[in-house]
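So the chains spell out like this:
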Amino acid sequence: MPYRLPTAYHASFGIFQIVLDALSELSLLSVLAMALFRDLVATVAEAEGLSEMAVTGIGQYLRDAGFISKHGRGRAAAQMTSVDAANLLIGVNASDLAKNAVAAVAAYGDLKIAHPEKNEIQHWAIARVFEKEVTLQEAIGILVEAFIPQQDGTTAFARDAGADQCTIEIGFGKPTASAYVSLAEEGPPSPANPFRWLQYQKTKAFGHYWDGSHLWPSSLGRKDLTIIDGRTLAAVGSVLAK
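Treat the numbers as computed from the prediction; the structure is a model and nothing was measured. (Residues numbered from 1 in each chain as written. Predicted model: local features only at pLDDT ≥ 70, side-chain atom pairs only at ≥ 80, totals over all residues. Heavy atoms only, no water.)

Visitor: How would you sum up the pattern of salt bridges? Please name residues and give values.
Guide: Here the structure, examined in full by the defined rule, presents four salt bridges. Residue Glu-120 pairs with Lys-118 through a salt bridge whose shortest N-O separation is 3.4 Å. The partly exposed category is assigned to Glu-120, whose relative accessible area is 38%. (Salt bridge = Lys/Arg side-chain N within 4 Å of Asp/Glu carboxyl O. Buried < 20%, exposed > 50% of the residue type's maximum accessible area, 1.4 Å probe, protein only.)

Shown next, in the form of structure tokens:
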């Protein structure tokens, strides 16, 4: 005669299985959340030609400091946003070491345009980038969102640019916290230009973000400028659309 387990054992085993299932689901959600973070890190690393390990280190510092989403609820746990992307881009491009990324995001993220400059795109989706009250963190977030593909595959930036060949740049100055955003329209080389491979560029909008109370230290003989462009923004926008 086959041995039958007691009813109480079956009940206990059922409860145990429910607990295991719940833990498995939580583990899966945790993996998905980490995958979203890793996707953003991998995308930025590839777009900027950096090692994924270096970008991961910067991202981890920013997560621990609360600059990149770390917790959430349900299936939306730790889903990356344009703010997360903006902070990671600042941390990667404005800091010299991973451990300095938090200080860089705090310093650069709050920068605003010191003096209103050229802005010929008042009706574009990214027009607010060049308004005086917008911080650099908000500006980069707006740019990232403008490069997120919609259902038809187009982006707000592409729709606004239309047939114009426009380029967007974000420059990060060091060692003093400063940055700029530039939008230029590219045209074919001028026949009168002896260097015909050079394209003509007309600036359509420009914003210089800096704190007027902090100037370049006169004792330093080196200044660095790191520039990213629409290719990085397009890559980040695409990964956020997934």
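Structure's up, so let's keep going.
Visitor: Could you give an account of empty space enclosed by the protein, naming the residues involved and the relevant values?
Guide: Summed over the entire model, instances satisfying the criterion amount to one cavity of 30 Å³ or more. Within this model, the largest cavity holds a volume of roughly 100 Å³. Residue lining of the largest cavity: Leu-36, Asp-39, Leu-40, Gln-79, Met-80, Val-239, Leu-240 and Lys-242, and that is the complete set. Listing elements by their share of the lining of the largest cavity, those giving two or more residues are helix 1 (7-48) and helix 7 (230-240). With three residues, the top contributor of residues to the lining of the largest cavity is helix 1. Grouping the amino acids of the lining of the largest cavity by side-chain chemistry returns five nonpolar, one polar and two charged. (1 Å grid on protein atoms, 1.4 Å probe; cavity = no way out; pocket = protein on both sides within 12 Å on 5 of 7 lines; lining within 4 Å. Points joined across faces, edges and corners; volume = space filled by probe spheres on them. Helix = DSSP H or I, 4+ residues; strand = E, 2+ residues; numbered from the N terminus. Nonpolar A, V, L, I, M, F, W, Y, C, P; charged D, E, K, R; others polar.)

Visitor: Tell me about the confidence of the model for the protein, residues and numbers included.
Guide: On average, residues of the protein score 81 in pLDDT, and 72% of them reach the 70 mark or higher. Predicted confidence for residues 9-13 stays below pLDDT 50, and this span has one contact to residues more than four positions away or in other chains. Across residues 18-35 the pLDDT falls below 50, and counting only partners more than four positions away or on other chains, this stretch makes six contacts in the model. (pLDDT = per-residue confidence, 0-100. Contact = heavy atoms within 4.5 Å.)

Visitor: I'd like a description of the environment of Asn-93, backed by residues and values.
Guide: Along the chain, Asn-93 turns up in helix 3 (residues 82-94). According to the relative accessible area criterion, Asn-93 is buried, its value standing at 4%. A sequence separation of twelve residues divides Asn-93 from Val-105, and the C-alpha atoms of the two residues are 9.8 Å apart. Discounting chain neighbours no more than four positions away, the residues touching Asn-93 are Glu-48, Phe-172, Lys-174, Thr-226 and Ile-228. Within the local environment of Asn-93, its side chain forms a polar contact with the side chain of Glu-48, the two groups lying 3.1 Å apart. Only 2.8 Å separates the side chain of Asn-93 from the backbone oxygen of Leu-89, close enough to count as a polar contact. (Polar contact = N/O pair within 3.5 Å; in protein donor to acceptor, adjacent residues only side chain to side chain.)

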